[in-house]
Each structure stands twice: as structure tokens, then as C-alpha cells.
Amino acid sequence: MTKGKKFITPYLYLLPTIILMCILLIVPIVMVIGYSFYDNVIINKNPVFVGLENYSKVLSDPVFFVAIKNTLFFVLISIVAHFLIGMLFAMLLNTRYLGVMTKGIFRVIYALPWMFTASVIAIVWRMMLNPNGVLNYLMTNMGLISEKVEWLASRDVALASVTLINIWSGYPFYMISILAGLQGISTDLYEASALDGANAVQTFFRITIPQLKPILISLLMLDFVWTLQQFALIWMTTGGGPVNATETISTYIYKQGFSKYQYSMASAGAVILLIVCTIIGIFYVRQQKAGD
Amino acid sequence: MKFKTVAKKILSAAVVGTMVLSLAACGGSGGGESSDDSKDEGGSEGGGDGVTLEFQQWWGVELPDGALADICQKFTDDTGIKIDLLSNPYADTKTQIASGAASGTMADVVGLDGSWVYDFAKQGSIANLTELMGGAGYDDSQLSSQIQVDGNTYMIPVVNFAYPMYANMDILKEAGIEELPTTRDEFLAACEAVSKNGVAGWAIPLSSESPSGIQNQFMTWLWASGGAMLKDGKPNLEGNAELEATVEFVKEMFDKGYIAAGANSMKEPDMVEEFTNGRVAFMTDGVSHLTTIKKEAPDLNFDYLTVPVVEGFSGTRGMDVANWGIGIAENCEHKDEAWQFVEYLMSPEVNAELAVLANAFPGNSKAEPDYSSSDELFVKAYELFQSCEAINEFTGAPTSEDLMRSFGEELQLYIDGDTASAADMLKAAQERWMPAFE
């Protein structure tokens, strides 16, 4: 085999993937980045290069800052709750005090929210959180509230309600991943800790958490990026309203593009989101490499 | 070992070849179906043999199963032009058409909502129908309306959906209301009466996701009494006394608890559900929902009325109208054939058939739909519609959906007490609307 042939062979093998990545990933991303530097592209047949003007407009738009604030609340609360609920349920399912059948049944029940599509989740929760819905009915009968709460229609509670829906729909991913991790921890470690006299809390923090650390870091990073980009659930439940109360970066970008037809502004917003996701992605890759 | 290496290489080459071929197929599929083939096979004017037109719309989903396909098949039988139906729900269709407009890959013929027309026309993604009609020698006097931008037609309403008011007669009877309200004061009195029985008087969907409640529910009050939100094609919100009175009227209903709970996240289907379940006495809604309501609640005793007007109003009442419009993509390579198809849908017979199927009113003034087998309430709605002036100022307005959304947000701020007065609210809305009209 000649030196040149040897050099080129691996790239030939990679060619199909490279072609697909270029068409499906690189080209759209480059186009969106390009759009963000022009005045209104698509609508304007001859767009003019405006440099960073679109970024300046987006970053000086008060609604964008509301969207950032809401996004941070939505993302941080969601991933913390996902982590806590996922860990709790995974440990319940991993306990030796329950039978195999019981564990199997609860594993299916706990994982159910993850099986539904965003549209189904949105419809179900919209019905439950309707002022005349099940939740208000139960809470009224239990004496917890005296008048109907407008869960998705009130600016005071809409963001918390949407976050709750997202927590419900996302925790099974943590639960399943952590459960897989827990089942991979050697029982020798727990036996050794028991012989050393460690209590349950010490065992959890000194053995379980360190053993799960690589999985947990990956989960948190992936969840951060996914929740940051969450659009369907918010759009179908509140549409970013009432009055921007649940506006997030993704709904802001959608409205700029498909409601105002300001594709350049939408692109600028998307590039800002891309930068944040890329930073998290770099950390994720580094962490994966370190794990290897 | 050597055989294995050769086999691996052959397999790799086969995989690469397949992937490249599949990519080529992906790139060429659209053209192959609708444009390129037809060009080769001669998309001649008039004949149309071999031409396939893509028709993207949401109508197929809302019409009885197969009804639109049957209508299109008759056209194919007559002309040889094939129609490839792309039917999806309204919201999906909107997104797909907007994406197609952005990328220049819009389907040949598209179903349009009047609120999208301005933007697509300005974008140059939908064709100027005035030119096509002129070229075909079409007599456009038979069209009940045309949606124009800068004096040229870009959309033709195929069928119209009127928005009268629905009244739950049992709720009204229980509250002691014998006569349907005709004025706003009478309406408030009726709402007051039903609210004593724990029923909401009226409902308005103000969800940010689908802000059409501003068009189909809020503005109907203004239009019914002859008011307008535009003047010479520009926003006329600030200082508009009639609109200010309408805002105050709706705020009063909110303050007095006449409006169904959850308005700020309510969508139109939620409102229909509230009415169907007997939790709301009145709602302003499209006649298109008549069949659904009858099916969901066969025993519901309801009637139609025109939207009540301000005291002393004696002019012709306005009635909100929405429509299924049609347009042709600028990127369509067979505009003449596409126009033939539009002309076919707008012909009196086909248009009448579509109107009956859709529970709507025809877009061709010469069409004579046979409503004899339709519900008597539908016939009443048709009579009310004919007695009113059809109006919808959002049709043909720039970024209509965004106008509705921003108005809705300002309205919610006023209702919640964040804005001091209706005048301030309208001033703020005007400021948000102006950039779209510049």
C-alpha cells in the first residue's frame, strides 16, 4: 500500500458520515450564523451585512432578558428536581427490600412519563391544571385552596407550573440511568463499608455518589442542554405567556422567526443559545475523555 | 484473511454507494414528483398531462375523510393534472408553509389564512394572482372577496367561516333571561344574571401560543358596532373612542367575574369545550364548530345571535369572518396549471360543494350551496351572516399574529391593573404595532 493510499483510506471510510454531517449539521449551522450578520434575510431579497447589529438588538431587548431569567429558573429548578427525584426513585427500585415483581411494576409506572410525547404531556397537564380541572378539585376538597388557581393563566404561578410539568416529564431519564449505575456498583464496597461501621448516610455519600459521579456529571450536562432547548412543552402549554411570564429563549427565538418574520434576529438569538450549549458540550466531552 | 479484507472493502464500497445514492434520491425527490418530471413530460398549457401539483393545506384534515381527495380527483379526471395533497393540521401547515417560503420550496398551491398573506406577499414567496387572472381572462367579479397587498391579489378566500355568538338557551332560561341580548347593556345584564348561578357569561381565549382570541373574540365587539382598528391601512388604536369603549367593556366583564376562568392561557378549543360542557352562557365562535358541538353534546340547547352592539347603534352590524384562502407559490413551475386548479375550486359548483362539506359559506358569490340537509342552526347562521357586513381587519395586515399577540399582552396588563387606563393601554399597543406598518 502506498503512503498516500494509506493516508487517504481512513478518510474514505469516514466519507459517508462526513457528508451527512455536513448536510445535516454544518451547513444549517453555518447558514444560521451567516443570517445573524445580515439585515432581515429571507424577507429581504437583497440583505445587507450589518455586522453585530442583530446581536446588539437582541441583547438590548428587555423581553430577551426576561427570557434569560425565565430560562435559568426553568433549567436550574428542573435539573435539580430531576436529579433528586431520579435518585430517590432509582434507590427505591434498587432496594433489596422489594420483590422482583414489585420492582418491575414500579419501574414501569415511574418510567411512564418518559414514554409520552411532548404534545400528549401538554394536553394532559393542560386538562389537569385547568381552573376547572382535577388539581383544583382535589385541592379544594382537601381544603388547601379556597378559590380556583389559574395555574397556567396567572403570571404569578405559570412559570412554576410549566417547570413542574417539565420535571414530571424528565425525571425518568435520570431514574433509569442512575438505576443502571447503581446496579453496576460492586456489593463488595457496601459490605466493606458495613464492616467498617459506616451508616447509611456515610455509605451514600462515600460510596454511592463517588461511584455514580461519571454518570451524574453526564446526566446533568445533557439535561442542562436539553432543558435549555425545551420548546414544545412550553409552547403547547402557555406559548410563553401570559405576558412573557413563561417566555424562554426557545420561545423567544420561535416568535422572532415565525411570528414576526425577523429571521436575522431569530438567528442571532439562536447563535447565542448555540454558544451556551457549545460551552456545556465542551465540558461534557472533556469529562467523557477524563472518564476514559 | 485476504478474502476477509476484500469482503470488507466490497461491503464498505456498497455502504458508501448506497448512502450517496440515497442522498441523491433525497435531493431529487421533490422535483421528481412535482416539477421536473412534469417539465420533461410536457406541462403544456391547458392540457396539463403529466403535471403534478402539490397542494399543501389543513382543509383535508378538517373535511370529512377523503372529501378533498375526491374533489381533486375530479379535477385530475377533467384535466389530467395530478394533485398531490399535503394535508396537516393548521398549526403544522403554517409552520411548513413558512419554512417553505423561507427556503423557496413552498408547495405549488397552498392553503392560506388571511393573516399570513401580507408577509408572504412582501417576501415574494406567493404569486401575484391579479396577473394570473388577467392572463387567463378570468372574470373576478364572481369572487366574493380578494385579499390584496399593494393593490394586487395574493389570496382568494375559497370558503368563509362566520363568527356569530352562541348562546346556551338552558342557562339563560334558568337565569330568567327570555330574550337574546342585542346591545352591550343587555348582554351585561344577562351575564350578571347567569353569574348568580355560578356560570360564566362569556369566554375569551388569550393564550400567547394562539392569540386569535383578539381577532375572533375581542375585536368582534368593535366590528359589530361599526368600529375599526385601522385607518387608511394604518393602526388607529390610540385615541380611538370606540375601541377604548370596547376595552373598557371587556375589562368590566373581567372585573365583575363574567369571564370564564383561565382566559390568559385559554385556546379556542378550550373555550368551545367550556361552552359544550355548559359552563359558559355565551361564546363568540366560528360556525365551523357547530358539528363538533352537536356531536359532543347532542342535548345542548343553544342558538345563534349577532354580537350585541353599543346602545343606539343603527348601522349594519359587522360580523367577523375567517376563511380558507388559496394562493400559488412564486416558485411554482406550473403557474398556469395551478391557476386552472384554483379556478376549478372557485367554480360555482365545486365551491358550493366545498362550502357544504366545510360547514362554511362560499367564496364565489354565484355558488348556490345546498344547505337543505344542513342543520337548521347552520341555516340561521347563514342568514345572520348575510344580514351583516363581513369584516376582518387582520386579514392582509402585516405580521397579523404578532399584532394580535402584542395587543393581547397589553390587554392582559390592563386587565391585571398594570396599566392605568384603556387609553394608556391602546397607546402602548399602538407603539408596538407601528413598526410592522412602516
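Parameters and conventions
Residues numbered from 1 in each chain as written. Chains lettered and ligands numbered in written order. Predicted model: local features only at pLDDT ≥ 70, side-chain atom pairs only at ≥ 80, totals over all residues. Heavy atoms only, no water. Helix = DSSP H or I, 4+ residues; strand = E, 2+ residues; numbered from the N terminus. Buried < 20%, exposed > 50% of the residue type's maximum accessible area, 1.4 Å probe, protein only. Contact = heavy atoms within 4.5 Å. Areas by Shrake-Rupley, 256 points an atom, 1.4 Å probe, with all protein chains shown as cover. Domains from an automatic or database assignment. Buried area = accessible area lost by both parts, 1.4 Å probe. Salt bridge = Lys/Arg side-chain N within 4 Å of Asp/Glu carboxyl O. Polar contact = N/O pair within 3.5 Å; in protein donor to acceptor, adjacent residues only side chain to side chain. Nonpolar A, V, L, I, M, F, W, Y, C, P; charged D, E, K, R; others polar.

Quick word on the overall build of chain B
Helix and strand counts for chain B come out as 17 helices and 13 strands. Evaluated residue by residue, chain B yields a buried proportion of 55% over its 438 residues. Put simply, 73% of the contacts in chain B that link residues at least 6 apart link residues at least 24 apart. When the accessible surface of chain B is split by element, carbon and sulfur atoms take 49% of a total near 17800 Å².

Description of the domain arrangement of chain B
All names here are of chain B. Once the domains are mapped, chain B shows domain 1 (50–160 + 323–386) and domain 2 (165–305 + 398–437). For domain 1 and domain 2, the distance between their C-alpha centres works out to 29 Å. Facing 12 residues of domain 1, the contacting portion of domain 2 comprises 14 residues. Taken over both partners, the interface formed by domain 1 and domain 2 buries close to 1100 Å², and the fraction arising from carbon and sulfur atoms is 59%. On the domain 1 side of the interface with domain 2, the three residues burying the most area are Ser 115, Asn 359 and Leu 377, jointly 40% of the side's total. Viewed at the interface, domain 2 and domain 1 are joined by three salt bridges. A salt bridge links Lys 380 to Asp 303, with the shortest nitrogen-to-oxygen separation between them at 3.1 Å. Taken together, domain 1 and domain 2 are joined by six residue pairs in polar contact (both at pLDDT 80 or more). Broken down by secondary-structure element, the contributors of at least two residues to the side of domain 1 that touches domain 2 are α5 (117–123) and α15 (376–387). If one sorts the elements of the side of domain 1 that touches domain 2 by residue count, α15 sits on top with five residues. Here the side of domain 1 that touches domain 2 is built from residues that sort into six nonpolar, two polar and four charged.

Observations concerning the environment of Tyr254(A)
Within the element layout of this structure, Tyr254(A) appears in helix α11 (residues 249–258). On the basis of relative accessibility, which here comes to 19%, the residue Tyr254(A) falls in the buried class. The spacing of Tyr254(A) and Pro242(A) is 12 residues in sequence and 16 Å in space, taken between C-alpha atoms. Setting aside its immediate chain neighbours within four residues, Tyr254(A) contacts Phe231(A), Trp235(A), Ser259(A) and Thr95(B).

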